[in-house]
Amino acid sequence: MGRLLIAAGNVFVTLAAAGMISGATAEPVRVAKDTGPVNAACDQLAKSTESWRVCAARIASSASDTELFYAGYWLAKSGRYAEALTYLKASKAKDARVLTYIGYATRKSGDVEAALPIYAQALSVDPNFVVARAYLGEAYLAKRLPAKAKAELAEIATRCGTACPAYGELAAEITAFEAAKG
């Protein structure tokens, strides 16, 4: 899922920088492949380090929804799910990407059942958000429901084709699941 998440983040940042996402600032957002913005001061720090967490916490009360999303995203990707949920849930924006990562952090913290309706909510906001579909497929695999995961894979193929990262990542998860079931 790593390549998928980076690609999704880069697409968002590109759209935000171009002003194509509602609420995007006029100032371009800088994102390197392995970093995400919190704010100008925090951007200089390595993500998920103690210094970065202190900086991110300091700005959280006045952070924009974009800053809250990226703080939550990087905390979740670093395995700090409870902290990630604090930032993601603080966002006033409840778009597909925020909801998807609330679902992701919820699922990765061990509550797969609670993640399912969150992914469903993300998909009700944007049925074409294939990242949510890929993570929903992974949740179905965790619940040992491969037929439902394959249904999400088919939806991803319909929406972005079999060459898109979301398709490849979920297909690999399904293959691994079936191999382990053996």
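Everything quoted here is computed from the prediction, not taken from an experiment. (Residues numbered from 1 in each chain as written. Predicted model: local features only at pLDDT ≥ 70, side-chain atom pairs only at ≥ 80, totals over all residues. Heavy atoms only, no water.)

**Looking at the overall build of the protein**
The secondary structure content of the protein amounts to 10 helices and 0 strands. From first element to last, N terminus to C terminus, the protein shows the α and β order α-α-α-α-α-α-α-α-α-α. Each of the 182 residues in the protein was classed as buried or not, and the buried ones make up 44%. By element, 56% of the accessible surface of the protein is carried by carbon and sulfur atoms, the whole surface being about 8900 Å². (Helix = DSSP H or I, 4+ residues; strand = E, 2+ residues; numbered from the N terminus. Buried < 20%, exposed > 50% of the residue type's maximum accessible area, 1.4 Å probe, protein only. Areas by Shrake-Rupley, 256 points an atom, 1.4 Å probe, with all protein chains shown as cover.)

**Some words on the state of the cysteines**
Enumeration according to the criterion identifies 1 disulfide in this entry. Each sulfur of the disulfide joining Cys160 and Cys164 lies 2.0 Å from the other. Given a relative accessible area of 32%, Cys160 falls into the partly exposed group. (Disulfide = S-S within 2.5 Å.)

**What about the packing of aromatic side chains?**
Applying the stated criterion to the full structure yields 8 aromatic pairs. With 5.2 Å between their ring centres and 80 degrees between their planes, Tyr73 and Tyr101 make a pair best called edge-to-face. Of this pair, Tyr73 sits in helix 4 (residues 65-77) while Tyr101 sits in helix 6 (residues 96-108), and the two are 28 residues apart along the sequence. We note that Tyr73, like Tyr101, is buried. By way of ring pairs, the aromatic residues Phe69, Tyr70, Tyr73, Trp74, Tyr101, Tyr104 and Tyr135 are connected into one cluster. (Phe/Tyr/Trp six-rings, centres within 6.5 Å; stacked < 30°, edge-to-face > 60°.)

**Notes on the nonpolar core**
The biggest cluster of nonpolar side chains holds 50 residues, and the ones touching the most others in it are Phe69, Tyr101, Tyr104, Tyr119 and Ile156. Put simply, the parts of the chain that give this core at least two residues each are helix 3 (50-60), helix 4, helix 5 (81-90), helix 6, helix 7 (112-125), helix 8 (130-142), helix 9 (146-160) and helix 10 (165-181). It is helix 8 that provides the largest number of residues to this core, a total of 9 residues. Not counting residues up to four positions away in its chain, the partners in contact with Ile156 are Val130, Arg133, Ala134, Gly161, Cys164, Ala166, Tyr167 and Leu170. (Core = buried A, V, L, I, M, F, W, Y, C linked by side-chain atoms within 4.5 Å. Contact = heavy atoms within 4.5 Å.)

**A short note on the packing of helix 4 against helix 5**
Contact geometry of helix 4 with helix 5 gives a least axis separation of 8 Å together with a crossing angle of 165 degrees. Taken as axis vectors, helix 4 and helix 5 run roughly antiparallel relative to one another. When you trace helix 4 past helix 5, the crossing you get is left-handed. On helix 5, the residues touching Leu68, Phe69, Ala71, Gly72, Tyr73, Leu75 and Ala76 of helix 4 are Tyr81, Glu83, Ala84, Tyr87, Leu88 and Ala90. Of the residues that constitute the contact of helix 4 with helix 5, the class distribution is 11 nonpolar, 1 polar and 1 charged. (Axes fitted to C-alpha atoms, helices over the stretch in contact; angles between N-to-C directions. Parallel < 35°, antiparallel > 145°, perpendicular 65-115°, else oblique. Left-handed = near helix turned anticlockwise from the far one by under 90°. Nonpolar A, V, L, I, M, F, W, Y, C, P; charged D, E, K, R; others polar.)

**Focus: helix 7**
When the terminal C-alpha atoms of helix 7 are compared, their 20 Å separation across 14 residues agrees well with the 20 Å that a helix rising 1.5 Å per residue should span. Taken together, the buried residues of helix 7 touch helix 6, helix 8 and helix 9. (Expected span 1.5 Å × (residues − 1).)

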